[in-house]
Amino acid sequence: MKKFETNAIRTQAEQTENREHSVPVYLTSSFTFHDAEQMRAMFADEQEGNIYSRFTNPNTTEFVDKMCLLEGAEAGYATASGMAAIFASFMGLLKSGDHIVASSSIFGSTHTVITKFLPKWGIEHTYADVNKPETWEALIQKNTKMIFVETPSNPGLDLIDLQWLGNLANKHNVILNVDNCFATPFIQRPIEFGAHLVTHSGTKYLDGQGRVMGGIVVGKKELIKEIYTFCRSTGPALSPFNAWTLSKSLETLSIRMERHSQNALKLAGLLENHPEVLRVRYPFLLSHPQFEIAKKQMSMGGGIVSFEIKGGIASGRKFLDTLQMCSLTANLGDTRTIATHPASTTHAKLTEEERLAVGITPGLVRISVGLENIIDIVADIEQALNKFKV
Ligand SMILES: *Cc1c(COP(=O)(O)O)cnc(C)c1O
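Here's what I pulled together on the structure shown here. Note that the structure is predicted; figures quoted are calculated from it, not measured.

About the criteria used
- Residues numbered from 1 in each chain as written.
- Predicted model: local features only at pLDDT ≥ 70, side-chain atom pairs only at ≥ 80, totals over all residues.
- Heavy atoms only, no water.
- Helix = DSSP H or I, 4+ residues; strand = E, 2+ residues; numbered from the N terminus.
- Buried < 20%, exposed > 50% of the residue type's maximum accessible area, 1.4 Å probe, protein only.
- Contact = heavy atoms within 4.5 Å.
- Near = heavy atom within 4 Å.
- Polar contact = N/O pair within 3.5 Å; in protein donor to acceptor, adjacent residues only side chain to side chain.
- Areas by Shrake-Rupley, 256 points an atom, 1.4 Å probe, with all protein chains shown as cover.
- 1 Å grid on protein atoms, 1.4 Å probe; cavity = no way out; pocket = protein on both sides within 12 Å on 5 of 7 lines; lining within 4 Å.
- Sits in = over half its atoms within 2 Å of the grid points.
- Nonpolar A, V, L, I, M, F, W, Y, C, P; charged D, E, K, R; others polar.
- Salt bridge = Lys/Arg side-chain N within 4 Å of Asp/Glu carboxyl O.
- Core = buried A, V, L, I, M, F, W, Y, C linked by side-chain atoms within 4.5 Å.
- Domains from an automatic or database assignment.
- Points joined across faces, edges and corners; volume = space filled by probe spheres on them.
- Expected span 1.5 Å × (residues − 1).

This part is about the environment of Ala75. Here Ala75 is to be found in strand S1 (residues 75-79). Residue classification places Ala75 among the buried residues on the basis of a relative accessible area of 15%. The sequence separation of Ala75 and Ala268 amounts to 193 residues, and the corresponding C-alpha distance is 37 Å. Setting aside anything within four residues of it in sequence, one finds Ala75 in contact with Cys68, Val217, Val218, Gly219, Lys221 and Ile224.

What follows concerns the site of the ligand. Surveying the vicinity of the ligand reveals 15 residues, the closest of which are Gly82, Asp179, Ser201, Thr203 and Lys204. Asp179 is positioned such that a nitrogen or oxygen atom in its side chain is 2.6 Å from a nitrogen atom of the ligand. Note that an oxygen atom of the ligand is positioned 2.6 Å from one of the side-chain N or O atoms of Thr203. Out of a free accessible area of 380 Å², the ligand has 93% covered by protein chains. Counting atoms within 2 Å of the grid points, the majority share of the ligand lands in the second largest pocket. Residues belonging to the shell around the ligand are distributed by class as follows: six nonpolar, six polar and three charged.

A separate point is the pattern of salt bridges. Scanning all chains against the criterion turns up 14 salt bridges. Close ionic contact of Lys95 with Asp98 constitutes a salt bridge, the shortest N to O distance being 3.5 Å. Classification of Asp98 by relative accessible area gives buried; the value is 3%. The shortest N-O distance in the salt bridge between Glu352 and Arg355 comes to 3.5 Å. One end of the pair, Glu352, and the other, Arg355, are both in helix H14 (residues 352-357), three residues apart, so they sit about a helical turn from each other. Salt bridges linked by common partners bring Glu37, Arg40 and Glu46 together as one network.

The biggest cluster of nonpolar side chains holds 34 residues, and the ones touching the most others in it are Phe63 and Leu253. For this core, the elements supplying multiple residues, two or more each, are helix H1 (4-10), helix H3 (58-71), helix H7 (184-187), helix H8 (202-206), strand S7 (215-219), helix H10 (240-250), helix H11 (253-272) and helix H12 (291-297). With five residues, the single largest contributor to this core is H3. Structurally, this core is a two-domain feature, drawing no fewer than three residues from each of domain 1 (4-252) and domain 2 (253-386).

Let's shift gears to the layout of surface pockets. Within this model, the largest pocket holds a volume of roughly 1,200 Å³. Sorting the residues of the lining of the largest pocket by element identifies H3, S1 and helix H9 (221-234) as the ones contributing at least two each. Examining the composition of the lining of the largest pocket, we find that seven residues originate from one element, H3, more than from any other. Considered class by class, the residues forming the lining of the largest pocket number 15 nonpolar, 14 polar and 11 charged.

Along its 13 residues, helix H15 (residues 374-386) runs 18 Å from first to last C-alpha, staying within 8% of the 18 Å computed at 1.5 Å per residue. Of all the positions in H15, only Ile374, Ile377, Val378, Asp380, Ile381, Gln383, Ala384 and Leu385 are classed as buried. Each element contacted by the buried residues of H15 is listed here: H11, strand S8 (277-281), strand S9 (304-309), helix H13 (312-322) and strand S11 (364-368). A distance of 2.9 Å separates the backbone nitrogen of Ile375 from a side-chain oxygen at the start of H15, and that oxygen is part of Asn373.

Scope: geometric values only; no functional claims are made or implied.
Here's what the structure looks like:
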């Protein structure tokens, strides 16, 4: 078994007779068969091979194979976005009458899917308070089929003890589905702690350069088989070009995540001592209420820092307007540092009460710390904060 970095670089689609060193993009919608018999055998699943790019393609297969090695998963399917992966993981495995327990602290669109769409198909849900893990077991019902969580969560950076949750899921024979977007497999591998499925937005750190949309779900073979059957017929497939981009990006995931984490830790430490800042959240800060969990399941803190600025919603927005270098954009996990104000953007659809319950206070600012020199990142954020002094 090769090491993480080696797998991220050396997992490649088979070379063609051109002996290319870098895998080409397979921009083809379909693949030809030698004869009618091969065509029959492939459609009958008796023979493996590419048929149609909605099903598989050499570029998407390379990306999937690589992610499986990195996450320690048996199988996977790549989708056009992170939301498509999460949605497919629900639709492939849940049916009318089933119940899902979801962490209260999850991505805004995932919250919308669970709250607004799953009930249309008779799939019930209960939100579990991320800050009260002791209440979770009682929420598991006879018809509970899945537990869905995000750790660290977006944007509150709440953590969930994956070992504890893995044990709970296995005790009750429930599928544990973990959105591992913030940590990436370089920092945290949920399957090692008992997760059955791991979902990702490839759009974030997997690409890491803000270029392409993509997503993936990996996990137990028998579960992925159901998800694949759903996707093969409904068509949320990842494009070959985006798969190629994502697979290339994974070659540098380890060094990017190391630097993102280094920069973020430095910024978080400085913000903690700033007079205009009320509270800082970063998994590897001693002050994080779940620092012990962070150390247990993450190898470093990742690139996202959130902090509460004095003065509520007006200050949060003024802070964004005062930044000179950091980008205001609805993405994260980019080489460029990005600042957002969740209460007025990504989580604006939640009620004030729902937001507060997951730690999204009015003045909460989320920084996706990029790979620029940390001196320049800090300088931009400090000049913005210093404008608040009276
Ligand atoms: C962005 C994000 C998603 C959704 O991914 P898309 O690629 O934008 O569809 C899901 N979960 C988390 C934690 C995210 O940050």
